[in-house]
Amino acid sequence: MYRLFIVLFFGIMLTSCDSDVDAGEFVVGSDNLAVNNKVILIDTVTVEVSTINFDSLVTSGQSRILLGNYDDPIFGKVSSDSYFQLSSSSYNLQTTSSDTEGANYVFDSIRMVLLPDKYYYGDTTQVQSVSIHRLLQKVKQNAENDEGFYNNSNLNYDAVNIGTASFIPKPLRQDTVFVKMDDVFGDALFQKLKKREIVTTDEFIEYFKGLVIRSTSTNTSSVLGFKVTSLLQLYYSKKVTDDQTSILKEFSIDDISKQYNRISLDRTGTIVKDLPGTTGRLSSNLTENKSFIQSGTGLACRIDFPNIKELKYITEKGAIVDAQLLIRPVNNTYSKSYPLADSLNVYVADQLNRLSGTLNSATGSPIYAILNKAEDEFDENIGYTIPLGTFMQNEMVKISDSKSALILTIPNISKAVNRLVLGNQRNTGNKVQLKIYYISY
């Protein structure tokens with residue numbers, strides 16, 4: 001009786017599938033797909049889509065200085081500042097046997113040189129402004145077992161800036177950004193070197209703990225990437241009568257683990273303002289049938305299949321031979337300024353959003369959600385396809401009551417601010433679709 005009840009229940013769940021039996025042929029599915037050998041297409045299994053929030057992403061060691069801010073029309077105000085420690089290969093001024101201790105050297109100028117790495121997101125036609133501040137704390141991890149610095153890590157810095165610059169971004173043309181620094185700051189550093197009060201890296205860091213570059217624009221609309229090979233350049237001269245010979249001293253980010261980006265998102269007044277903690281989820285049914293992904297700030301899409309275990313009761317013996325999930329970006333949420341990612345990373349997670357690893361194929365290779373870029377009149381073909389045959393079969397026959405979910409993120413989650421809006425099964429025009437091919441034997 002229990003088996004009979006289950007079969008009847010599942011028959012009701014598949015009411016939108018049409019089935020005909022004619023001369024041994026079984027026809028099933030909304031597309032009226034006809035196949036032999038007792039293979040059926042199931043396309044009405046419930047797919048739950050929600051948004052989760054990883055509130056801590058490791059952003060140190062990512063080899064990118066990320067700067068800027070913009071008001072996203074959907075997600076809210078996005079901002080990124082960069083913190084880093086500098087050092088030099090030597091703390092000696094250039095000297096000769098006739099110039100003892102560089103007594104004739106004088107300070108000229110100091111500047112920060114920012115080298116674009118071609119990454120940008122948003123509208124780069126607006127003026128970008130930055131300010132540079134001295135750190136009041138060393139760039140040092142709180143614990144030895146800490147993974148690094150996070151998107152929400154914070155270090156104290158001097159409120160008074162020591163350099164500012166405004167510019168129109170041209171990231172693809174690799175235009176270097178030069179930020180003139182305060183002469184009083186530069187001369188004080190120069191005198192420390194000239195008087196040999198700083199001769200080691202430890203002494204240098206004790207005096208000069210590092211810098212934070214902050215985005216200060218009020219009307220900016222983009223976030224930019226710069227190389228960690230960016231430099232602090234100190235110029236000084238050796239005066240000989242009326243002539244001057246300019247000499248350059250450079251300070252660089254020698255240890256990329258001591259550079260990180262603080263990336264924040266102000267969701268006030270947005271559709272995602274009520275995101276729960278890291279172990280919770282916000283159903284897409286409560287957010288206009290949409291789910292949200294954003295790199296840098298920790299937003300990710302969670303996908304659950306609550307009824308997958310019921311499939312094993314269709315027949316006494318059966319298996320899932322293939323499954324395809326198509327999840328679509330919502331129309332009018334992407335553009336040239338907010339482009340679609342070519343692929344998405346897919347992870348397997350438990351009920352508390354804890355990742356167990358990447359989604360893998362039967363051979364152990366990672367599976368990605370690949371974007372179909374084929375254009376049509378209504379953009380109906382644009383979407384991300386994920387092969388789920390092995391995953392679905394394993395979930396269906398799992399003995400325990402636990403259920404695994406999928407987590408979708410955009411690649412480079414810790415060094416970018418790209419975002420994506422996806423539809424659920426109720427989203428008009430951008431529905432997520434799951435097709436399962438089941439064989440009974």
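Reading the values: rules and limits
- Residues numbered from 1 in each chain as written.
- Predicted model: local features only at pLDDT ≥ 70, side-chain atom pairs only at ≥ 80, totals over all residues.
- Heavy atoms only, no water.
- Helix = DSSP H or I, 4+ residues; strand = E, 2+ residues; numbered from the N terminus.
- Buried < 20%, exposed > 50% of the residue type's maximum accessible area, 1.4 Å probe, protein only.
- Contact = heavy atoms within 4.5 Å.
- Salt bridge = Lys/Arg side-chain N within 4 Å of Asp/Glu carboxyl O.
- Pairing = 2+ DSSP bridges.

Caption draft 1: View of the side chain of Gln85. Tracing the backbone through its elements, the reader meets Gln85 in the loop between strand S7 (76-84) and strand S8 (105-114). With relative accessibility at 12%, the residue Gln85 sits in the buried group. Setting aside residues no more than four positions away along its own chain, Gln85 makes contact with Val139, Ile205, Lys209, Gly210, Ser252, Ile253 and Lys258.

Caption draft 2: Quick look at the environment of Arg426. For Arg426, the position within the fold is in the loop between strand S27 (419-423) and strand S28 (433-440). For the pair Arg426 and Asn289, spaced 137 residues apart in the sequence, the C-alpha separation amounts to 6.1 Å. Leave out the neighbours within four places in its chain, and Arg426 touches Asn285 and Asn289.

Caption draft 3: Examining the pattern of salt bridges more closely. One pass over the full model with this rule turns up 13 salt bridges. The salt bridge partner of Asp117 is Arg64, with a shortest N-O separation of 2.7 Å. With Asp117 in strand S9 (residues 116-122) and Arg64 in the loop between strand S5 (48-53) and strand S6 (65-72), this pair connects stretches of sequence that are 53 residues apart. Arg64 shares its class with Asp117; the two are buried. With a shortest N-O distance of 2.7 Å, Arg354 and Asp350 are connected by a salt bridge. The exposed category is assigned to Arg354, whose relative accessible area is 53%. Among the residues examined, Asp350 registers a relative accessible area of 24% and is labelled partly exposed.

Caption draft 4: Inspection of the pairing of S28 at higher detail. Here S28 shows a clear split, with Leu434, Ile436, Tyr438 and Ser440 buried on one side and none of Gln433, Lys435, Tyr437 and Ile439 buried on the other. Of the strand pairs in this sheet, strand S4 (residues 39-42) and S28 are connected by four bridges, and their pairing is antiparallel. For Leu41, the partnering residue across the bridge sits in S28 and is Tyr437. The pairing of strand S21 (residues 318-327) with S28 spans eight bridges and is antiparallel. Paired with Gly318 across the bridge in S28 is Ser440.

Nothing here speaks to function; it is geometry throughout.
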